[in-house]
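Listed here are the chains, written in short residue letters.
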Amino acid sequence: MPRVLVRAFALTLATLSVLAPALSGPAQAQTQAQADHALAWKTGREAEAIERRVEELLARMTLDEKIGQLNLTGRGDGFDPQWVATGRSGAVMNFIDPKEIRQLQDLVQTSRLKIPLIIGLDAIHGFATYFPQPIGQAATFDVRLIELAAYWTARETRAAGVNWTFAPMVDLTRDPRWGRVFEGAGEDVYLASVVAAARVRGYHHGGLATSVKHFVGYGEAEAGRDYNSVWIPVSKLLDRHVPAFQAAIRAGAFTAMTSLSAMNGLPATADRTLLTGLLKGRLGFRGFVVSDFASIEELIHHGVAADGAEAARKALIAGVDMDMFSGLFIRHLADEVRAERVPVAAIDEAVRRILRVKFHMGLFEAPPVDPAATAGQIITPPAQAAALEVAREAMVLLKNDGDILPIRPEIRSIAVVGALGMSDDDWQYGDNVGLPRIRRPTVQAELARQLGPNVRITADPAVTTICGTEFTDREATLKMAREADLIVAVLGEECEFMGESASRTRLDLPGVQGRLLDELVATGKPVVLVLKTARPLVLTDIAARVPAIIQSFHLGSQGRVAIGEVLTGRVNPSGKLPMSMPRSVGQIPVYYDHLPTGRPYRRGERYESSFVDERNDPLFPFGFGLSYTRFSLDQLALDSARVPLDGTISGSVRLSNLGARDGREVVQVYMRQRVASRSRPVRQLQAFEKVTVGAGANQTVRFSVPVEALAFHDDQGRRHLEPGLYDIFVGTDSRAELTATVTVMGR
Ligand code: BGC
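Report on the accompanying structure. (Residues numbered from 1 in each chain as written. Predicted model: local features only at pLDDT ≥ 70, side-chain atom pairs only at ≥ 80, totals over all residues. Heavy atoms only, no water.)

Secondary structure assignment for the protein chain yields 21 helices and 27 strands. Taking 747 residues into account, the globule formula puts the C-alpha radius of gyration at 27 Å, and the protein chain, at 26 Å, falls close to it. When the backbone C-alpha atoms are referred to their principal axes, the protein chain occupies close to 80 × 65 × 55 Å. Contacts in the protein chain between residues far apart in sequence, at least 24 positions, make up 78% of those at least 6 positions apart. Counting every atom, the protein chain has about 27,200 Å² of accessible surface; 51% of that belongs to carbon and sulfur. Distance between charge centres in the protein chain, computed from 84 positive and 85 negative side chains, equals 4 Å. (Helix = DSSP H or I, 4+ residues; strand = E, 2+ residues; numbered from the N terminus. Rg over C-alpha atoms; globule rule 2.2 N^0.38 Å. Contact = heavy atoms within 4.5 Å. Areas by Shrake-Rupley, 256 points an atom, 1.4 Å probe, with all protein chains shown as cover. Lys, Arg positive; Asp, Glu negative; His and termini not counted. Charge placed at Lys NZ, Arg CZ, Asp CG, Glu CD.)

Below is the structure:
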């Protein structure tokens, strides 16, 4: 029976459906979640009852107790548990030991009002079991898996007593120089929105409240330098940066975090138009807004506040409800109220939002954490299985000349080179030191296990540290490489090369790894490069010389098992790039949904919008990724060539697997308004679906996109949806070449 999947995704509400067999959807995560603390905003009578309880509680609170609820403190400098006992800290962060958390929860019971703590942590891509980094999760283009990763992350985090996470980060990222691109879903608005909603659902099913961040525009830091200024006109803000936040809010995000940066000259933490006007007003966000780490204090460095009191006042009036770690709310707000510079109604509104979240999370009824039960709930077999499943799909095969992958039966010896394939302790962002560790197999051990005793595997880290700064014994490494039939080089970025404040100007392999790769290629032996990076690098020279490249973002606890499976062919790779990979740093930002310009690049002539020393297109485009089989698309057909403004553009396309292996392919539907009142992007992703097709088989994939998803904004913030001709492009990456045209009719 054909089954039509209908999903509502944020601003763009685009859907794409498949004729049987349909994907199983997030059902698995839902069933599992019924057993535990699934979170959701309550509705109807329950929501009304909560509002009454909030007001009753608020009426009983002293000014100091109210301000205490706005104060987020935590492990680190000078934390005093008595703040919790005396109601001076309504929220804490960075605790991962359930015994410590239990002590804090018990202390709350000694406070006058016994208002439960909200307990936060950056559970970005795992707690004890790690999943691929968020950018790698996005590369799966598989909504079910993305939701599953968040679900298991939440289950483990919640088992330790933590009930709130500072995720998902939904900042759009178009500049790989920025070290935080790995925390997001890449460059595309629609993909980012789908991923944002899936991650919120997954975290909430697993019992962890979300904080969608960083509102807003943080990913556009000038030159990719972290915390740098951003300049974003209203039209771009609403069309590109806001949709993923809106998707997260519609999916039920409980809280939102401000950005550390200043947008258009005003730090986000002091921007009332952004926080109160846009987020709480236009987007209808009911939860609370937390500042980013010390971002209230940083208003002084930004030069918009003379001192702590002014910073606290400005942030609260702008719409920040909770102060993360600067301590300025608790230090100054009571005096500000007494001096009548801050109305008590503004404090009440912030407290109301925080209490509302605590009630909707069920914290007043929840039992405290049982530290004895935590160990049995982390690193469980289902969490490990989920981590493996996601890692398998997160790898992007960029190149496979001569089909050297999967490893051929005639290969009798393999040299695995590179510390990133063999360090015991795969570095994870926000690693929770002190938790039980999972011993991760090395890539060579996995290859040996999967290929059996007939293939000789040798291995050498080649570089002294995992940052690749120095050779261990260059000659020995090269000798080992020369003696093998195939070289598998596992290289990339770790340590200080990724994460917050890890911006780069050169997007090459750090340290001596570039030289190492050159020398491996010079041996004349075939080289397979497995890249473990947190961002797209510039691979132009490498791709010209290395026949096979797998882009894996850091894949988490089961990553090396998954790498082994892809190399040996047990798993057919199916990941797709969520960010374009530039040819050179000078091209950045390079992204597929740019505007056409008055002089589009067409014939490569002078006086077109182009470079004299570089092509315009990326080395590998958004949405790109190869498979061990070959897919083709044809028979694109629209249900109707004329659609009303309130209608839906729908149609179908045939996906054929022309090879001898089963595989998964992502069918991508892009659209463009041909002539509009403003210049519109050359194409934008509006729907996608990942489909499994057996060897030699084909499948009809249906898609549908509500016309309203094609709306855009002007710089006054007005929304436009215009009749006219729309081009449709369907393909397996953003260069999609199958085309059709639809006429959207006016009213
Ligand atoms: C980061 C946030 C993070 C917070 C708490 C900040 O520096 O920008 O994304 O959630 O620290 O760790």
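Right, let's get into the sheet that holds strand E11 (residues 323–324). Strand order in the open sheet formed by five strands is E5-E4-E3-E2-E11, with parallel pairing between adjacent strands. In the strand order of this sheet, the two ends are held by strand E5 (164–165) and E11, each with one partner. One ladder, built from two bridges, connects strand E2 (residues 71–74) with E11; its direction is parallel. Residue pairing in the sheet places leucine 72 in a bridge with methionine 324 of E11. (Pairing = 2+ DSSP bridges.)

Our focus in this paragraph is helix H10 (residues 272–282). Restricting attention to buried positions, one finds in H10 the residues Leu274, Leu275, Leu278, Leu279 and Lys280. One side of H10 holds all its buried residues, which, seen down the axis, span an arc of 160 degrees. The N-capping residue of H10, defined by a side-chain oxygen 3.1 Å from the backbone nitrogen of threonine 273, is aspartate 271. Following H10 by one or two positions, glycine 284 has its phi on the positive side, about 65 degrees. (Buried < 20%, exposed > 50% of the residue type's maximum accessible area, 1.4 Å probe, protein only. Arc of directions from axis to C-beta. Polar contact = N/O pair within 3.5 Å; in protein donor to acceptor, adjacent residues only side chain to side chain.)

What follows is about the environment of isoleucine 404. Among the secondary structure elements, isoleucine 404 is positioned in the loop between strand E12 (396–400) and strand E13 (413–417). Residue isoleucine 404 is classed as buried on the basis of its relative accessible area, which comes to 16%. The spatial distance from the C-alpha of isoleucine 404 to the C-alpha of tyrosine 628 is 10.0 Å, given a sequence separation of 224 residues. Here isoleucine 404 is in contact with Leu486, Pro526, Val527, Val528, Pro547 and Ala548, once residues within four sequence places are set aside.

Turning to the packing of helix H8 (residues 189–205) against helix H9 (residues 234–250), a few remarks are in order. Packed helices, taken two at a time, are described by the angle between their axes plus the distance between the axes. For the pair H8 and H9, the least separation of the axes is 7 Å and the interaxial angle reads 20 degrees. Of the possible angle classes, the one that applies to H8 and H9 is roughly parallel. Here H8 runs over H9; the crossing is right-handed. For the pair H8 and H9, contact is made by Val189, Ala192, Ser193, Ala196, Ala197 and Val200 and by Asp239, Arg240, Pro243, Ala244, Ala247 and Ala248, respectively. Of the residues belonging to the contact of H8 with H9, the class tally is nine nonpolar, one polar and two charged. (Axes fitted to C-alpha atoms, helices over the stretch in contact; angles between N-to-C directions. Parallel < 35°, antiparallel > 145°, perpendicular 65-115°, else oblique. Left-handed = near helix turned anticlockwise from the far one by under 90°. Nonpolar A, V, L, I, M, F, W, Y, C, P; charged D, E, K, R; others polar.)

This part takes up the sheet that holds E13. Strand order in the open sheet formed by six strands is E12-E17-E16-E15-E13-E14, and the pairing between neighbours is mixed. Taken across any chain shown, the strands that pair with only one partner, and hence form the sheet edges, are E12 and strand E14 (456–460). For this sheet, the mean angle separating the axes of adjacent strands, direction not counted, is 15 degrees. In the sheet, E12 pairs with strand E17 (residues 548–553) via four bridges, with the strands oriented antiparallel.

Below, the discussion takes up the side chain of glutamate 393. Mapping glutamate 393 onto the fold places it in helix H16 (residues 381–393). At 2.9 Å, the side chain of glutamate 393 forms a polar contact with the side chain of arginine 664. Here lysine 690 takes part through its side chain, which lies 2.7 Å from a polar atom of the side chain of glutamate 393. With residues near it in sequence (within four places) discarded, glutamate 393 still touches Ala139, Thr140, Asp142, Leu145, Ser574, Gly575, Arg664 and Lys690.

The values reported here are purely geometric and, on their own, carry no functional implication.
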